[in-house]
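A structural walkthrough
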Amino acid sequence: MPTAPSHSPESSASRQLRALFGSGRPLLYIVSAEEQRVCRLLGDAARGFFEAPVPLWSWSLTEGLRRDGGDDAPPGGDTTDARAALDFIAAFEGPALFHLKDFHEPLRGGADVRRRLRDVYELCLGHGRFVVISSPVRLIPDELQRDILCIELNVPDAVEMRAFLDARCAAITASGGTVNTSEATLAAMTRALSGLTLDEAGFAIARARADGNHLGPASLPALFEEKRLSVNRTGTIEYIADGGQLDAVGGLEVMKKWLLERRALFQSRDTLGADMVPKGVLVMGVSGCGKSLAIKAIAACFQLPLYRIDMAEIFSGRHGSPEWAFAQACRTMEAIAPAVVWFDEIELGITSAASAGEQGRIFAFFLTWMQEKLRGLFVAATANRIDLLPAEMIRKGRFDEVFFVDLPHGDERLEIFRIHLRRRGADPSALGLERLVAMTEGWTGAEVEQCVVSAITRAKLADHALTFDDLMRCAARIVPLSKTMKEKVDHLRDWARDRAARASLPA
Ligand SMILES: Nc1ncnc2c1ncn2[C@@H]1O[C@H](COP(=O)(O)OP(=O)(O)O)[C@@H](O)[C@H]1O
Ligand SMILES: [Mg+2]
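Rules and cut-offs
Residues numbered from 1 in each chain as written. Chains lettered and ligands numbered in written order. Predicted model: local features only at pLDDT ≥ 70, side-chain atom pairs only at ≥ 80, totals over all residues. Helix = DSSP H or I, 4+ residues; strand = E, 2+ residues; numbered from the N terminus. Buried ≥ 20, exposed ≤ 12 C-beta atoms within 10 Å, placed from the backbone. Contact = placed C-beta atoms within 7 Å. Axes fitted to C-alpha atoms, helices over the stretch in contact; angles between N-to-C directions. Parallel < 35°, antiparallel > 145°, perpendicular 65-115°, else oblique. Left-handed = near helix turned anticlockwise from the far one by under 90°. Nonpolar A, V, L, I, M, F, W, Y, C, P; charged D, E, K, R; others polar. Pairing = 2+ DSSP bridges. Domains from an automatic or database assignment. Near = placed C-beta within 6 Å.

1. Quick look at the overall build of the protein
Scanning the protein for helices and strands turns up 21 helices and 15 strands. Seen through its principal axes, the protein has C-alpha atoms that stretch 90 × 55 × 45 Å. Buried positions account for 39% of the 507 residues belonging to the protein. In the protein, 77% of the contacts between residues at least 6 apart in sequence involve partners at least 24 apart.

Okay, structure coming up:
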């Protein structure tokens, strides 16, 4: 791949590396599963970061040292042995980059290797020689902690992804295929690939061109599908492909109006002052009243992809420490921007006593991140147990608005009935739904939906068209949450009354 011409924008990974080499630290450790990408970045670095191009030596356990990706081995014998490779580096004169692939194994193995690496540190310091270890796992022996700077590569940003896409397009054209190279198409494909590693992007492109050697607007669904699969593999972030629309949400008129106003502001974010750009919204309230539904509708309304951060997974410990997993998820989201990021049931971690100390740090991190994150991310957080959230979270200025979603009032319940009846092919107009208002006092939207589903099933089984009687009989059997958990629901409503804006118009 050609080095990017100097006038084109630099990718954030490249900027990050440039700054690190600029700081003069001779030992770097890059935690990344993307070895190819690290090779490419270091190749660009060797060619363009220094006053004059410097040689790039790469080492692997199977090949030993090789120069500039070619077959050139160093004179003087076998360097597949890690110690021999370090001896070569220690004796090297003049500026150079050394890339040690999967060097965590030798580090784990030999005390002499660890000792020799400390010598290498001294010998490279200040001489324009840099040693970069890359490995999918982070393994730095204690005695080297101070000498080695460890970084993680974030997923490629738009600049890096676009360069990768351009290279793939050129390869497709060279192999006799066709590519729609209009700027709009390439930009849309770059956005579709955002959030993926370059390897994953490569698979996505291969999948998209599988039917016919062509890449164009028609390839986008295949790219999105591959992205859904890849992002979901992170385990903590879920790409949600099928969000609903705002008109699938019954009631909540105040919040809907607010969102429509914010949409315009968000879409002109590049020309607005920082404090004008919408940052996000916190939606709390009784469970089953449409919080999740509303968030999905935000993404559709803003015409942005929606990603859900799974707090249960973050706190599960399956993805490293919760703190680390959370920070990692936030950073990944920055690379995926523009997008709506949804922190679902954000209070979840708070109730788990096991991670008591960590929660505080996670919330502190979250609040800072909210202030500093990219303009292209709109944060939507939902919470059921708002009383568990730290006060700073709710204070004005963190989120643009904090909405309380209450139990739907009569008119809202009717609207929710209509939405769910229509969705299932029933005509609500002739059913005389108004008669249900009194019977459904205190119901959540989820309970309304449940009633509609049971009634339609009942009518189907009896082989007649849905009637009011079906609805009424099913309604009579539903015991609403607000009854069974009265204290909890009342407490929540009291708590929220003067702390949050109501999402609904008054009854
Ligand atoms: N206001 C509403 N309008 C339409 N459907 C609703 C509404 N509230 C709840 N529902 C139905 O109930 C289901 C569960 O609601 P959900 O949004 O998951 O609740 P929450 O996230 O507040 O617990 C939704 O998928 C939807 O079908
Ligand atoms: Mg929910």
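2. Describing the packing of helix α17 (residues 410-423) against helix α18 (residues 445-462)
Between α17 and α18, whose axes approach to 9 Å, the crossing angle comes to 45°. Accordingly, the angle class assigned to the pair α17 and α18 is oblique. Here the hand of the crossing between α17 and α18 comes out right-handed. Every residue of α18 that contacts α17 at Arg413, Ile416, Phe417, His420 and Leu421 is listed here: Gly445, Val448, Glu449 and Val452. Here the contact of α17 with α18 is composed, by residue class, of five nonpolar, two polar and two charged.

3. Notes on the sheet that holds strand β5 (residues 129-135)
Pairing within the open sheet is mixed, and its six strands lie in the order β3-β2-β4-β5-β1-β6. Both outer strands of the open sheet, β3 (64-67) and β6 (149-152), are each paired with one neighbouring strand and no more. Strand after strand, the sheet turns through a mean of 20° between neighbouring axes, direction not considered. Pairing of strand β2 (residues 56-60) with β3 involves four bridges; the strand directions are antiparallel. Note on β3: the bridge partner recorded for Ser58 is Arg66.

4. Quick word on the domain arrangement of the protein
Parsing the protein into structural domains produces domain 1 (12-152), domain 2 (158-233), domain 3 (246-405) and domain 4 (410-483). For domain 1 versus domain 4, the distance between C-alpha centres works out to 67 Å.

5. Regarding the pairing of β2
Of all five residues making up β2, four are buried, and the element is well covered by its neighbours. The hairpin formed by β2 and β3 contains three residues between the paired strands.

6. Concerning the site of ligand 1
Residues in close proximity to ligand 1 total 17 residues, the closest being Gly250, Gly290, Lys291, Ser292 and Gly445. Counting residues per element, the ones that place at least two in the shell around ligand 1 are α11 (291-302), α17 and α18. For the shell around ligand 1, the per-class residue count stands at eight nonpolar, seven polar and two charged. There are two domains that each give the shell around ligand 1 at least three residues, and those are domain 3 (246-405) and domain 4 (410-483).

7. Looking at unusual backbone geometry
With phi around 50°, Leu252 is a residue other than glycine that occupies positive phi space. Along the chain, Leu252 turns up in the loop between β9 (237-240) and α10 (253-267). By C-beta crowding, Leu252 is classed as buried, having 30 other C-beta atoms within 10 Å. The backbone phi angle of Glu345 is positive, close to 50°, even though this residue is not glycine.

8. What to know about the sheet that holds strand β10 (residues 280-285)
Adjacent strands of a sheet pair through backbone hydrogen bonds, lying either parallel or antiparallel. Read from one edge to the other, the open sheet built from seven strands follows the order β9-β11-β12-β13-β10-β14-β15, with strand pairing classed as mixed. Here the strands that pair on one side only, and so sit at the sheet edges, are β9 and β15 (501-502).

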